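Here are the chains, one letter per residue:
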Amino acid sequence: MPVLVIAEHDNQALKPATLNTITAALAIDAEVAVLVAGYGCGGVSQSAAVIAGVDRVLLCDHESYLHPLAENLADLIAAIAGGYTHVLAPASTFGKNVLPRLGALLDVSPISDIVAVQSPDTFVRPIYAGNAMATVKTSDQKILVTARPTAFAAASAEGGAAAVEAVEPAAEPGDRVRFVGQELTRSERPELTSARVVIAGGRGLGSSENFKLIEELADKLGAAVGASRAAVDAGYVPNDYQVGQTGKVVAPELYIAVGISGAIQHLAGMKDSKVIVAINKDEDAPIFQVADYGLVGDLFDALPKLSAALD
Amino acid sequence: MKILVPVKRVIDYNVKVRVRQDGSGVETVNVKMSMNPFDEIAVEEAIRLQEAGRAEEIVAISIGAPQCQETIRTALAMGADRGILVETEQDLEPLGVSKVLRECVDRESPDLVIMGKQAIDDDCNQTAQILAGLLDWPQGAFASTLKFSDGRVDVTREIDGGLETLSLLLPAVISADLRLNEPRYVKLPNIMKAKKKPLDTIPIEELGIDVAPRVSTIKVEEPPARSGGIMVASVEELVDKLKNDAKVI
């Protein structure tokens, strides 16, 4: 039986995390199907059909799925899950919201945030904010997994030729859950979790205004902008900038931490980056213990110099 | 409104966890334990609702060893009205926890269940969503603002792209994210008062629920360590290293 991957998308385009999740699925079984549930999302199903390694795309195009509500999606996936050994979703706020609810409907104990597949029933996942790695084996007959996108390479978005089949929507849920609205951060910069370079600022920036120094440098490097929890809590930047145990997990080629002390919770979200640079005026800041290159100094002096050096 | 707040006893968030030599888990002997910080936020939110006149009763519930009474007492000292400990020496996974909570919901009939979005030990981020699924209630996971009116709650959720607001019909299950509120410090007189608040203990066997684990831990290891880095003296040196040694810019 094949493995089912739940696509994350906004009815216009697939989210990159879907490609990483497909790689995790292919490590479990060679036969992978992708469910695209949304409204007006035919184009997304076409994109899913050409991903290398995808055998089949299930398209459920119905207004119940205009917004990715966990209640509606879990009912739909439960109705079709019978034909699959595993159901995978990205370990994003989308996957983390939907998959456990599906677990309740199927009486399956889900496995969150895997970083490696050891065998079809055995996985590695971080615990204690990444301070320990647990290898876990499940005895469930059907297996539900969320996969950490940064731990799996993206599947190639081209090269596949899967058939797209329509699936019936599950019963309509009525008025119990209404979508009211959303405020999405609009940015021309790359997405934080898939950017090649990330520049993150912490409480050391001191204000929302000063974050412009980070943004200026980010634009020169084509980087995404992240932040520590302290900077988000202080209101310098929106919540979706947060990198850490409870924010986003990133693993770029280059991570530049500016004015971030390096609390365990922050390190959990970035310590798998390939090259880490830390700029901090406190030479005892824990961030220096994970940095490949550390610079002790005043960030208000260093950032303009760094920007100028990149001109 | 009656509110049920599940609270978990975990290794205190300031403790640097150590992996046991034999790979069986992390060291918990002589380690400071506290309430899961996200659950503290959930307790605080329930208390604020009570202070605003929206909640009549707050019941804190924990599942685990007798020591979990301390965690419940913390919730009582913060302002919860009474506690329930479902006692077991077994480690339950989120599915088992949710089944126990469903049974408690059946007994207590709350209008709202609110808990932390994840426990900082296993980092599963599952229990609220599973419980909502078992109960067939709406769910508001990763909440940063709650607004109640006319038997519904508007939940603003922290999602990857920003914020999303859903309107849920009560009863519902909510999970608390970091910015929902800042929990209060417990004052000493309230700790004394909390000792007199009712706390019932129910042996898990009495509930007649199958909580046998589905997922077994084969081993627990240290994460791969990063090799030591170097300190640079100037921005110029940094740029040189990034360009010529690391070749990332």
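All values reported here derive from a predicted model rather than from experimental measurement.

### Description of the overall build of chain A
So, point 1. Within chain A, the regular secondary structure consists of 9 helices and 16 strands.
So, point 2. Taken over the C-alpha trace, chain A has a radius of gyration of 21 Å; the compact-globule value for 311 residues is 19 Å, and the two agree within 12%.
So, point 3. Referenced to the eigenvectors of the C-alpha coordinate spread, the extents of chain A come out at roughly 60 × 40 × 40 Å.
So, point 4. Looking at chain A as a whole, 59% of its 311 residues qualify as buried.
So, point 5. In chain A, once contacts between residues fewer than 6 apart in sequence are set aside, the share between residues at least 24 apart is 64%.

### Here's the deal with unusual backbone geometry
Residues and elements named next belong to chain B.
So, point 1. In this model, L170 is joined to P171 through a cis peptide bond whose omega is 5°.
So, point 2. For S109, which is not glycine, the phi dihedral falls at a positive 50°.
So, point 3. Position of S109 among the secondary structure elements: in the loop between α3 (94-108) and β6 (112-116).
So, point 4. Residue class for S109 comes out exposed when judged on its relative accessible area of 52%.
So, point 5. The backbone phi angle of N125 is positive, close to 60°, even though this residue is not glycine.
So, point 6. Counting through the fold element by element, N125 comes out in the loop between β6 and α4 (127-135).
So, point 7. For N125, a relative accessible area of 5% gives the class buried.

### Thoughts on a nonpolar patch on the surface
All names here are of chain B.
So, point 1. On the surface, a cluster of nonpolar side chains totalling about 340 Å² of accessible area is made up of V186, L188, I191 and M192.
So, point 2. As for its position among the elements, I191 is in helix α5 (residues 188-194).
So, point 3. By relative accessible area, I191 is classed as partly exposed at 33%.

### A short note on the nonpolar core
So, point 1. Within the largest apolar cluster, 44 residues are counted, with the highest numbers of intra-cluster contacts made by I3, V5, V43, I114, L146, L168 and I174 of chain B.
So, point 2. If you tally residues by element for this core, the top one is helix α1 (residues 37-51) of chain B, at 7 residues.
So, point 3. Leaving out residues up to four positions away in the same chain, L168 of chain B has contacts with R176 and V177 of chain A together with P138, Q139, G140, G151, R152, V153, V155 and I174 of chain B.
So, point 4. Formed by 43 residues, the second largest nonpolar core is a distinct cluster that contains I22, C41 and A48 of chain A together with I11 of chain B.

### With respect to the interface of chain B and chain A
When the parts come together, some accessible area is lost, and that loss is often what is quoted as the size of the interface.
So, point 1. With 75 residues of chain B in contact, the opposing surface of chain A contributes 80 residues.
So, point 2. Joining chain B to chain A, the criterion identifies 8 salt bridges.
So, point 3. There are 46 residue pairs in polar contact (both at pLDDT 80 or more) connecting chain B and chain A.
So, point 4. Elements represented by at least two residues in the side of chain B that touches chain A include exactly α3, α4, β7 (139-149), β8 (152-159), β9 (162-169), β12 (215-221), β13 (230-232) and α6 (235-245) of chain B.
So, point 5. For the side of chain B that touches chain A, the per-class residue count stands at 37 nonpolar, 14 polar and 24 charged.
So, point 6. Sheet analysis places strand β11 (residues 177-184) of chain A next to β9 of chain B, joined by 7 bridges and oriented antiparallel.

### Side note on the confidence of the model for chain B
So, point 1. Within chain B, residue pLDDT values average 96, and 100% of them lie at 70 or more.
So, point 2. At the level of chain-chain contacts, confidence expressed as ipTM amounts to 0.96, with global pTM at 0.95.

### Quick look at the packing of aromatic side chains
All names here are of chain A.
So, point 1. Counted by the stated rule, this structure contains 1 aromatic pair over all chains.
So, point 2. With centroids separated by 6.5 Å and ring planes inclined at 55°, the aromatic side chains of F211 and Y236 adopt a geometry described as tilted. On the criterion of sequence distance, the pair formed by F211 in helix α5 (residues 211-221) and Y236 in the loop between α6 (229-233) and β14 (254-258) is long-range, its members being 25 residues apart.

### Regarding the pattern of salt bridges
So, point 1. According to the stated counting rule, one finds 34 salt bridges over all chains in the structure shown.
So, point 2. Between R214 of chain B and D107 of chain A there is a salt bridge, with the nearest N and O atoms lying 3.0 Å from each other. Residue R214 of chain B is located in the loop between β11 (199-203) and β12, and its partner D107 of chain A is located in the loop between α4 (93-106) and β5 (111-114); the two belong to separate chains.
So, point 3. Accessibility expressed as a relative area gives 15% for R214 of chain B, which makes it buried.
So, point 4. R229 of chain A is paired through a salt bridge with D233 of chain A; the nearest N and O atoms lie 2.9 Å apart. Here the residue R229 of chain A and the residue D233 of chain A both occupy positions in helix α6, the gap between them amounting to 4 residues, near one helical turn.
So, point 5. When salt bridges with common partners are traced through the structure, they connect D107 and D140 of chain A together with K99 and R214 of chain B into a single cluster.

### Some words on the sheet that holds β6 of chain B
So, point 1. Taken in spatial order, the 10 strands of this open sheet run β11(A)-β9(B)-β8(B)-β7(B)-β10(B)-β6(B)-β1(B)-β4(B)-β5(B)-β11(B), and their pairing is mixed. The outermost strands of the open sheet, each flanked by one partner alone, are β11 of chain A together with β11 of chain B. Mean inter-strand twist for the sheet, computed between neighbouring axes without regard to direction, equals 25°.
So, point 2. Bridge analysis of strand β4 (residues 57-64) of chain B against strand β5 (residues 82-87) of chain B gives 6 bridges, and the strand direction is parallel. The residue bridging V59 of chain B from the neighbouring strand is R82 of chain B, located in β5 of chain B.
So, point 3. This element, helix α2 (residues 68-78) of chain B, spans β4, β5 and β11 of chain B of the sheet and lies at about 165° to β5 of chain B.
So, point 4. Against the sheet, α4 of chain B touches β6, β7 and β10 (172-176) of chain B, its axis set at about 175° to β10 of chain B.

So, how was this worked out
Residues numbered from 1 in each chain as written. Chains lettered and ligands numbered in written order. Predicted model: local features only at pLDDT ≥ 70, side-chain atom pairs only at ≥ 80, totals over all residues. Heavy atoms only, no water. Helix = DSSP H or I, 4+ residues; strand = E, 2+ residues; numbered from the N terminus. Rg over C-alpha atoms; globule rule 2.2 N^0.38 Å. Buried < 20%, exposed > 50% of the residue type's maximum accessible area, 1.4 Å probe, protein only. Contact = heavy atoms within 4.5 Å. Patch = residues over 30% accessible without salt bridge, like charges linked within 9 Å, V, L, I, M, F, W, Y side chains within 5 Å. Areas by Shrake-Rupley, 256 points an atom, 1.4 Å probe, with all protein chains shown as cover. Salt bridge = Lys/Arg side-chain N within 4 Å of Asp/Glu carboxyl O. Core = buried A, V, L, I, M, F, W, Y, C linked by side-chain atoms within 4.5 Å. Polar contact = N/O pair within 3.5 Å; in protein donor to acceptor, adjacent residues only side chain to side chain. Nonpolar A, V, L, I, M, F, W, Y, C, P; charged D, E, K, R; others polar. Pairing = 2+ DSSP bridges. pLDDT = per-residue confidence, 0-100. Phe/Tyr/Trp six-rings, centres within 6.5 Å; stacked < 30°, edge-to-face > 60°. Axes fitted to C-alpha atoms, helices over the stretch in contact; angles between N-to-C directions.

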